[in-house]
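Observations on the model geometry
Each chain is listed here by its residues.
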Amino acid sequence: MRDLEYLNSLENLTGKTAVVTGGSQGIGLQTTILLGCLGATVYICALDGELDRAGVESAREEVSQHTARSGGSVHFHKLDLSSIESSRSSAHSLKKKISQNSADGDVGRLDIVVCNAAIAFSPQSILSPDGYERTFAVNCLGHFVFVTSLMDIIDSTARVYGDARITFTSSRGYTDAKKLDYKALTSPIPDDGTSLLHLKGAFQRYLDSKLAVLYLAKALDQDIWVKSSESIFVNVCHPGQVPNTALGEHQQPLVRPWLASMIKSTLRVFMKNTTRDAARTQVFLSASSQIREKKVHGEYWAPTWSRSQKYTGTGKEELSTALAKDEKEWQLLWNFCQDAVSKVP
Ligand SMILES: NC(=O)c1ccc[n+]([C@@H]2O[C@H](COP(=O)([O-])OP(=O)(O)OC[C@H]3O[C@@H](n4cnc5c(N)ncnc54)[C@H](OP(=O)(O)O)[C@@H]3O)[C@@H](O)[C@H]2O)c1
């Protein structure tokens, strides 16, 4: 499916505000571009590194070329998901920014949040500033804090405009995750991550964090519907496998850069889909009228591919493991995150 055909199948987002965590690189960058091309005002929320700044510039350029008619724009907002305090304060300052930029000087609106940022392969000798395993802290706990701190503006947007979307980027790797061990999440393993032998554990932590993200989406969806905010549509997705992103590259390297690049080149022979293709599922969930019309929420989605590995669409999938479907586990994760946040007043 060509970009234009794909964009034409979605809603015009002119006047809407979107947030994409980790929106300056990889799948997140393409998500920013597609949402911007649909006319949204997009805030990239990420660390403020050199690559992030380059990503913002390239998103701005591509969106401005496309949106002479729709008026989409791209802004940057600093977010460090690794700490509870920084995730919370980033959400609060983002709300201020949105309000200051709003046409009527009101609180403004936040229609779309895509929780896309992630790290992988972090050693467990390094815990987050709050004392949690770092992959879990960034991928799940930081997003919990960020999204729940934005909930008032998302809720008011949904009430006024009848539609707000929150999409979590998980991974099909959730199927290989283990039952979350909350005690282990706070216990460092000395010297972990210092050799290739630790690769398996580091990979497992990434898979487990993606199961945690899935639980987070499920529990948030339940919480929202209990509170009868029936116009906030929370969904979770697998974007598709793309070997040429920076995922895992920013942590303490477990394999030498030349080996990582060789592995990625080999994978690229088999996986031909692009980061743009992988962005399409989360953009579909953020911008398709079907989600609102059919009141779709709390579902797991994945892309469908042609034989030549080109994106053909986005489809709902049943969760395939008992662990993922276990509602008690969703609640345990929610309670664990709430408890963690309550310790950082
Ligand atoms: N690539 C795949 O094959 C694949 C498959 C399944 C699922 N996914 C999921 O897709 C999403 C995007 O992955 P990707 O492959 O595009 O990875 P990527 O290129 O590494 O992008 C990850 C983004 O997260 C940001 N990030 C990392 N730590 C952060 C922090 N502490 N605070 C705020 N932002 C932070 C990164 O910014 P910095 O670089 O500045 O740190 C980067 O922009 C992830 O959720 C990943 O789990 C990917």
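My aim in this report is to walk through the structure given alongside it, one point at a time. Computed from a predicted model, the values in this text were never measured in an experiment.

Here the focus is the overall build of the protein chain. Counting secondary structure elements, the protein chain contains 11 helices and eight strands. In terms of overall size, the protein chain behaves like a compact globule, its C-alpha atoms giving a radius of gyration of 19 Å where 345 residues would be expected to give roughly 20 Å. Oriented by its inertia axes, the alpha-carbon framework of the protein chain measures out at about 55 × 45 × 40 Å. Put simply, the protein chain has 345 residues, and 46% of those count as buried. In the protein chain, the share of contacts with a sequence separation of at least 24, taken over all contacts with a separation of at least 6, comes to 78%.

Glancing now at the sheet that holds strand β7 (residues 300–305). Here we have eight strands laid out as an open sheet, ordered β3-β2-β1-β4-β5-β6-β7-β8, and mixed in their pairing. Looking at which strands have only one partner, the edges of the open sheet turn out to be β3 (73–78) and β8 (311–317). For this sheet the average axis-to-axis angle between neighbouring strands, irrespective of direction, equals 25°. The pairing of strand β6 (residues 232–237) with β7 spans two bridges and is classified as parallel. Bridge pairing in β7 links V236 to Y300. Here helix α4 (residues 84–101) sits on the sheet in contact with β1 (17–21), β2 (41–46) and β3, set at roughly 145° to β3. Sitting on the sheet, helix α8 (residues 275–287) is in contact with β1, β4 (112–115), β5 (164–169), β6, β7 and β8, with an inclination near 150° to β5.

We now examine the packing of helix α2 (residues 26–37) against helix α3 (residues 50–66). Contact geometry of α2 with α3 gives a least axis separation of 9 Å together with a crossing angle of 25°. By the angle between their axes, α2 is roughly parallel relative to α3. Seen along the crossing, α2 lies across α3 with a hand that is right-handed. For the pair α2 and α3, the contacting residues are L29, T32, I33, G36 and C37 in the first and G55, A59, E62, V63 and H66 in the second. Residues that form the contact of α2 with α3 fall into these classes: five nonpolar, four polar and one charged.

Thresholds, definitions, all that
Residues numbered from 1 in each chain as written. Predicted model: local features only at pLDDT ≥ 70, side-chain atom pairs only at ≥ 80, totals over all residues. Helix = DSSP H or I, 4+ residues; strand = E, 2+ residues; numbered from the N terminus. Rg over C-alpha atoms; globule rule 2.2 N^0.38 Å. Buried ≥ 20, exposed ≤ 12 C-beta atoms within 10 Å, placed from the backbone. Contact = placed C-beta atoms within 7 Å. Pairing = 2+ DSSP bridges. Axes fitted to C-alpha atoms, helices over the stretch in contact; angles between N-to-C directions. Parallel < 35°, antiparallel > 145°, perpendicular 65-115°, else oblique. Left-handed = near helix turned anticlockwise from the far one by under 90°. Nonpolar A, V, L, I, M, F, W, Y, C, P; charged D, E, K, R; others polar.

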